[in-house]
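# Survey of secondary and tertiary structure
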Amino acid sequence: MTAIKHALQRDIFTPNDERLLGIVNVCKAGKKKKNCFLCATVTTERPVQVKVVKVKKSDKGDFYKRQQTWELRDLTEVDAKDASKENPEFDLHFEKVYRWLASSTAEKNSFISCIWKLNQRYLRKKVEFVNVSSQLLEESVPSGESQSVAGGDEDALDDYQELSTREEQDIESMMEMCEYAISNAEAFAEQLSRELQVLDGANIQSIMASEKQVNILMQLLDEALGEVDTIEGKLSSYEEMLQSVKEQMDQISQSNRLIQISNTNNGKLLDEIQFLVNYMDLSKGHIRALQEGDLTSPKGIEACINASEALLQCMNVALRPGHEKLMAVTQQQLLFAELRDTFARRLTNHLNNVFVHQFNHFSHFKMTIPQFYRSSCLSLPGHDQSSTLSQHTAELTLPKHNPLHRDLLRYAKLMEWLKNTHREKYEGLSRTYVDYMSRLYEREIKDFFEVAKIKMAGTTKEAKGKFATLPRKESALKQDTESLHGSSGKLTGSTSSLNKLTVQGSNSRRSQSSSLLDMGNMSASDLDVADRTKFDKIFEQVLSELEPLCLAEQDFISKFFKLQQHPAVIPPLAQPETEEFDGGAPSRIPPQAEHRHSLSSEKDMVRHMMNKIFQSIETELNSLIALGDKIDSFNSLYMLVKMSHHVWTAENVDPASYLSTTLGNVLVTVKRNFDKCISGQIRQMEEVKISKKSKVGILPFVTNFEEFAELAETIFRNAERRGDLDKAYVKLIRAVFMNVEKVASESQKTPRDVVMMENFHHIFSTLSRLKISCLDAERREAKHKYTEHLQSYVINSLGQPLEKLNHFFEGVEARVAQGVREEEVSYQLAFNKQELRKVIKEYPGKEVKKGLDNLYKKVDKHLCEEESLLQVVWHSMQDEFIRQYKHFEDLIGRCYPGSGITMEFTIQDMLEYFSSIAQSH
């Protein structure tokens, strides 16, 4: 191994200015490969670089070559595998883990020791050594082959220290004093050795001379120890005297502590007494107010409020541990409970009396409609409804309950007290209030809607002549109104009754109508704008009266019953009745977990009370909507816009309020009626029957669509539910398109092109005038269909005045299409020049004018007067006739060149013919 080390130093490391310090013969663990050497080297130049080099013997010779090099600073861990047993395996952790198997354990230990020393000197202990014995790291490598391999140079490197400047100067001065220091180094070394021995002897003599002084020092230390023993004896006597003083002070301290504890207990007892006196004492004035206080006057109410708050504060005081065992506290609590029960009973009885008094008061002045008026006002043909209404209800308004609310709000704080102290009485009052107010509102709302229905039915008074022509008499209308009013509860959950009435009414009117189409229950043209405006105002007045009424009642309930201050309250109407004993102590309410979960917020409780109080509003609104839809199906447009606006307003105020929820439910019914109206119109279009003996003209459902669109655009201007109308527009216009084509195909008297042209021109004009954005595509389609059928009608009609000439030139074009050259057509027997002259002579100017005149008369019979398309069609025919004339002239010039054959009339003649015919009619 020594020879290998010298060879590696000479051949590999010396040329690179490196010194070999450690070497180990290894191979990769777990693989059968040739051996290689791991070498630990340092550079001879500063700064010193420490490396681990892998050297491998060449396969082609005996020389060695450097295979891989790692910097020692990149080494993070050395793992010897086992510190207690001999194991030649070890790992070096560089950028990855390299596993090696040494040829012997001694070589491995020598190499790891070398790495450790290099790490200590140059890297400051950066590398971590794992599973390496501490003895190996602290001691030198044992003598032997491994010592000779890795130890010699490394020890020399560790023992070597560079001389300082002063040491260099001292050596130089010594060498100058000796003449032969350089020439005879051995003699110089012997001289230095002799001088060193002399100095060592002097040192030993100096040490022996100092022994006397050491003995003197030891004697002084013995004397000091004797003095220390004396001082310790005195300290012990002092400690005994202080111990007696300490015992006396402890006795004094114990007496003082007992006195302090007594004073502290007296202070705490005084605090407890003051606490009970301050918080458990109720003044005589408050007791008198609770027992006898006036609950009718403002001063008495204020005194009762103050007394109840003081009582609640006394009852809710947080007693400290042990207070409940005091007799005085127990007696005071019993007094408070008795005062609470007494005042709660007085307050409940008084508020019950207030509810009854106010209910009787408002019932006396409520809106009333005599029975004879209800039963006969619609059945009398000449009845003046306005005079009767002025006698009983000057305006369509609901009574205001502000005085009732104002009087009851004085007791709001007392209700809050009752809510916190006697929950069952609070709930009983809530049920009583809801019971009385629901009956009061039911009467008022029923009478209010009765008047609204009569006013709605009165909107068609001016059109009573129309009613006379219909099979439904006034009595029938009255019966339908009463049936709607009586079955309003059923209309809430289903519209089957309404659908039945609508179908019956439409069937009876359809049998009496002479028009081609009757849209809806009553045609929109049967009622004038004034009637619809009046209906719109009545419906708006109904909603405007209901909205503040509901909002005011909901605001009162929240304030009076204090339902906005706590997160969750069990609604009183959801609790069962509780019994009271003779002593006034109420029985405990059993827990109602189901109701607590179903109504978990105070908003739910308010809405629950509102539903009970105004349980008839939704029913009456649905009944009113059914009546309005029965009077005129187009009323659903007005109702949809108004109802949508009020729902939007209510949701902005409070999306979860009773008003918002109720109006939203009614809006669903209105939207359903609106959709039914649209579906009914489409169904009537599909059932249209046309007359076989008269010309069609503008179809009734096209005119009705125009009327519907004009009315809808007026109603839905700036409306929130514009999207519903746009969807209805699309459904209607597609149905109109489909049924126009259907009628045109079935028409026998009027040509199909005329029916299509006139009706789509009318539709295009309507859509262009109204500018309905969602129907822009349908407007363009209507224009395209109108133009297409106008051109088709013109082309088909113009073939009749010059029929033989048309056939002749069609034959000429057919020969050319078959491959006959144009200049050779004149040689065809059927199309020679003589035949052409013969055909042309059959159409002199006089005959052409006569044919055009007949054509004008026929077109006039086909077209209707409402659309005024006669001149448009005639002008299109003139342009088409001129185009055909130029086409004939061109064919003559190409197929009969040089023949001199021309038409019997010119273009100027044609223009005069068309103009004179149009003016003569």
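Higher on the page you've got the structure.
Let me begin by describing the structure that accompanies this report.

Regarding its fold elements, the protein chain presents 34 helices and 8 strands. A buried classification covers 44% of the 921 residues belonging to the protein chain. For the protein chain, the share of sequence-separated contacts (at least 6 apart) that also reach a separation of at least 24 residues comes to 73%. In the form shown here, the protein chain has an accessible surface area of approximately 50300 Å², with 51% of it arising from carbon and sulfur atoms.

With that out of the way, let us pick up the nonpolar core. Ranked by size, the top nonpolar core spans 177 residues in total, and within it Val-873 and Met-877 carry the most contacts. No other element matches the 14 residues that helix H15 (residues 423-457) contributes to this core. If we skip the residues at most four places from it in the chain, Met-877 touches Tyr-793, Val-794, Ser-797, Leu-798, Leu-855, Val-859 and Phe-914.

Before going further, it helps to examine helix H23 (residues 617-631). In a regular helix each residue adds 1.5 Å, so 15 residues correspond to 21 Å; H23 covers 21 Å between its end C-alpha atoms and thus fits that length. Taking burial as the measure, the 15 residues of H23 include 14 buried ones, the bulk of the element.

Turning our attention to the pattern of salt bridges. For the coordinates displayed, the defined rule picks out 31 salt bridges. The salt bridge partner of Asp-536 is Lys-642, with a shortest N-O separation of 3.9 Å. With a gap of 106 residues between them, Asp-536 in helix H20 (residues 529-560) and Lys-642 in helix H24 (residues 635-653) connect regions that are remote in the sequence. In this structure, Arg-722 engages Glu-713 in a salt bridge whose closest nitrogen and oxygen atoms are separated by 2.8 Å.

What follows deals with helix H34 (residues 907-920). Between its first and last C-alpha atoms H34 spans 20 Å; for 14 residues at 1.5 Å apiece the expected length is 20 Å, and the two agree. When we look at burial in H34, the residues that qualify are Met-910, Tyr-913, Phe-914 and Ile-917. Buried residues of H34, viewed axially, fall in a sector of 90 degrees; they line one side. Turned more than 90 degrees away from the buried face of H34 sit Gln-919 and Ser-920, all of them exposed. Tucked inside the fold, the buried residues of H34 contact helix H32 (845-862) and helix H33 (870-895).

The next thing to look at is the sheet that holds strand S5 (residues 77-79). Here we have 8 strands laid out as an open sheet, ordered S4-S3-S2-S1-S7-S6-S5-S8, and mixed in their pairing. Looking at which strands have only one partner, the edges of the open sheet turn out to be strand S4 (64-71) and strand S8 (128-130). Averaged over all adjacent pairs, the angle separating strand axes in this sheet is 30 degrees, with direction ignored. Judged from the 7 bridges that link them, strand S3 (residues 50-57) and S4 form a sheet pairing that is antiparallel. Of the residues in S4, the one forming a bridge with Val-55 is Arg-66.

What follows is about a negative patch on the surface. A cluster of acidic residues, Glu-167, Glu-168, Asp-170, Glu-172 and Glu-176, forms a negative patch on the protein surface. Here Asp-170 is to be found in helix H5 (residues 165-177).

On the secondary structure map, Ala-412 appears in helix H14 (residues 412-421). Among the residues examined, Ala-412 registers a relative accessible area of 8% and is labelled buried. For the pair Ala-412 and Ile-305, spaced 107 residues apart in sequence, the C-alpha to C-alpha distance is 9.6 Å. Discounting residues that sit within four places of it in the chain, Ala-412 has contacts with Lys-559, Phe-560 and Lys-562.

Let us now look at the side chain of Ser-430. Examined against the element boundaries, Ser-430 turns out to sit in helix H15. Polar contacts involving the side chain of Ser-430 include one to the main-chain carbonyl oxygen of Tyr-426, which spans 2.9 Å.

About the thresholds
- Residues numbered from 1 in each chain as written.
- Predicted model: local features only at pLDDT ≥ 70, side-chain atom pairs only at ≥ 80, totals over all residues.
- Heavy atoms only, no water.
- Helix = DSSP H or I, 4+ residues; strand = E, 2+ residues; numbered from the N terminus.
- Buried < 20%, exposed > 50% of the residue type's maximum accessible area, 1.4 Å probe, protein only.
- Contact = heavy atoms within 4.5 Å.
- Areas by Shrake-Rupley, 256 points an atom, 1.4 Å probe, with all protein chains shown as cover.
- Core = buried A, V, L, I, M, F, W, Y, C linked by side-chain atoms within 4.5 Å.
- Expected span 1.5 Å × (residues − 1).
- Salt bridge = Lys/Arg side-chain N within 4 Å of Asp/Glu carboxyl O.
- Arc of directions from axis to C-beta.
- Pairing = 2+ DSSP bridges.
- Axes fitted to C-alpha atoms, helices over the stretch in contact; angles between N-to-C directions.
- Patch = residues over 30% accessible without salt bridge, like charges linked within 9 Å, V, L, I, M, F, W, Y side chains within 5 Å.
- Lys, Arg positive; Asp, Glu negative; His and termini not counted.
- Charge placed at Lys NZ, Arg CZ, Asp CG, Glu CD.
- Polar contact = N/O pair within 3.5 Å; in protein donor to acceptor, adjacent residues only side chain to side chain.

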